[in-house]
Amino acid sequence: MISSDESFRVIQVTDCHITERAEVRVFDMDSHASLVRVLRAAKRRDWPPAFLLATGDLVETGSECAYRRLRRLLEPLGVPVYCLPGNHDDPDIMSNSFASGSVRTVRAFGFGAWRFVLLDSVVPGVHGGHLDDGALDELDGLLGGHEEVPTLVALHHHPVAIQSAWMDAMGLDNGDDLFARLDRHPQVKAVLWGHTHQPFEGERRGVRLIGSPSTCRQFLRLRDEPAFSDEPPAYRRLLFHPDGRFETELCWVDAAE
Ligand SMILES: [Fe+2]
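Residues numbered from 1 in each chain as written. Predicted model: local features only at pLDDT ≥ 70, side-chain atom pairs only at ≥ 80, totals over all residues.

A. View of the overall build of the protein chain. Of regular secondary structure, the protein chain possesses six helices and twelve strands. A globule of 257 residues ought to have a C-alpha radius of gyration of about 18 Å, and the protein chain, at 17 Å, matches this closely. Overall size of the protein chain, expressed as C-alpha extent along the three principal axes, is 50 × 40 × 30 Å. Taking all 257 residues of the protein chain together, the buried fraction comes to 42%. For the protein chain, the proportion of contacts with a sequence separation of at least 24, taken over those separated by at least 6, is 69%. (Helix = DSSP H or I, 4+ residues; strand = E, 2+ residues; numbered from the N terminus. Rg over C-alpha atoms; globule rule 2.2 N^0.38 Å. Buried ≥ 20, exposed ≤ 12 C-beta atoms within 10 Å, placed from the backbone. Contact = placed C-beta atoms within 7 Å.)

Below you can see the structure in the form of structure tokens.
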């Protein structure tokens, strides 16, 4: 842990889609090998981070076996990895698989001068996301009483349209409800997500809105039908400052690495 007057770096990885075995490919690729390459690049450029944020679709089919395989990759990193679930995850199996050790599912935690709140927007059996009243009340509770602490809220599904019809049909279906709650808590500086396998940067009432590409394959942007892009795997680097400012940058990892 660092003191509250120091800056610190965080790495976001998302949509790793790890399968049970190397032979089981996803998006016509070895997603495990891709994550290995991404982590190797992160170790060369940005190590050590304070922690990793893993924002869902960590495995392809939500099986214990796939989570074990992912854990074997993340645990030796020697830094905490905080995970939230996506539509390809099974939230219960995921939290049981990550119940102890350095890879964890948590709702909220503080680091340095900042606070991080991780939401579960998964609706069982469908690809789109939703935050029910219970989840929104819980969010209110986690943010309440911390008005002085700059906060990042992370979830899997995109809460705003990204101008891609097929992807927007499976975003968070009540982004307005989320923003209505966030409007009550001026300490929220950013909302961060995965799911879309493409970058996004926007802003709403002083809150930065940030989407990140996958550690495996990306989708073409601004398309109404699904299509892969030839962009490489990626992770996101975030640098948080004690005064509530932060900087962020995408780090693409090409095959040569
Ligand atoms: Fe995904």
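B. Broad picture of the sheet that holds strand S6 (residues 114-118). Taken together, six strands build an open sheet; the order of strands is S5-S6-S7-S8-S10-S9 and the sheet is mixed. Here the strands that pair on one side only, and so sit at the sheet edges, are strand S5 (108-111) and strand S9 (200-204). Within this sheet the neighbouring strands show an average axis-to-axis angle of 20 degrees, counted without direction. Note: S6 against strand S7 (residues 151-154), four bridges, orientation parallel. Within S7, the position partnered with Arg-115 by the bridge is Thr-151. Packing of helix H4 (residues 133-143) onto the sheet brings it into contact with S5, S6, S7 and strand S8 (188-193), and relative to S6 it is tilted by some 170 degrees. (Pairing = 2+ DSSP bridges. Axes fitted to C-alpha atoms, helices over the stretch in contact; angles between N-to-C directions.)

C. Highlighting the pairing of S6. A large share of S6 lies buried, amounting to five of its five residues. Side chains Trp-114, Phe-116 and Leu-118 of S6 all project onto a buried face; the interleaved residues Arg-115 and Val-117 project onto the opposite face, where all are buried too. Judged from the four bridges that link them, S5 and S6 form a sheet pairing that is antiparallel. Note that in S6 the partner of Gly-110 across the bridge is Arg-115. Hairpin remark: S5 followed by S6, antiparallel, with two residues in the connecting loop; positive phi at Gly-112, about 55 degrees. Between the parallel pair S6 and S7, the chain is carried across by H4, and the sense of this crossover is right-handed. (Right-handed = clockwise from strand over helix to strand, strands pointing away.)

D. Main features of unusual backbone geometry. Here the residue pair Trp-47 and Pro-48 is connected by a cis peptide bond, since its omega of -5 degrees sits within 30 degrees of zero. One non-glycine residue, Asp-57, lies in positive phi territory at about 50 degrees. Positionally, Asp-57 belongs in the loop between strand S2 (51-55) and helix H2 (64-74). The backbone of Leu-222 sits at a positive phi, close to 60 degrees, despite the residue not being glycine. Tracing the backbone through its elements, the reader meets Leu-222 in the loop between strand S10 (207-211) and strand S11 (234-240).

E. Representation of the sheet that holds strand S4 (residues 103-105) within the structure. Read across the sheet, six strands follow the order S4-S3-S2-S1-S11-S12 without closing on themselves; strand pairing throughout is mixed. Each edge of the sheet is formed by a strand with only one pairing partner; in this case those strands are S4 and strand S12 (246-252). Here the strands of the sheet are splayed against their neighbours by 25 degrees on average, with no regard to which way each runs. Summarising the sheet, strand S3 (residues 81-84) and S4 pair through three bridges and their orientation is parallel. Paired with Cys-83 across the strands is Thr-105, a residue of S4.

F. Broad picture of helix H6 (residues 175-182). Gly-175, Leu-178 and Leu-182 are the residues of H6 that are buried. Seen along its axis, H6 keeps its buried residues to an arc of 60 degrees; they face one direction. Facing away from the buried side of H6, by more than 90 degrees, are the exposed residues Asp-176 and Ala-180. Close packing links the buried residues of H6 with S7, S8 and S10. (Arc of directions from axis to C-beta.)

G. Layout of the environment of Arg-21. Checked against the element boundaries, Arg-21 lands in the loop between strand S1 (8-13) and helix H1 (31-45). By C-beta crowding, Arg-21 is classed as exposed, having 10 other C-beta atoms within 10 Å. Considering only alpha carbons, one finds Arg-21 and Pro-186, 165 residues apart in sequence, at a separation of 45 Å.

H. View of the pairing of S2. Where burial is concerned, most of S2 is hidden: five out of the five residues are buried. Here S2 shows no split at all, with Phe-51, Leu-53 and Thr-55 on one side and Leu-52 and Ala-54 on the other all buried. As defined by bridge partners, S1 adjoins S2 across four bridges and the pair is classed as parallel. The partner of Ile-11 across the bridge, within S2, is Leu-52. Since S1 and S2 lie parallel, the crossover through H1 that links them has a hand, and here it is right-handed. Crossover handedness for the path S2 to H2 to S3: right-handed.

Function cannot be read off these values alone, since they describe shape.
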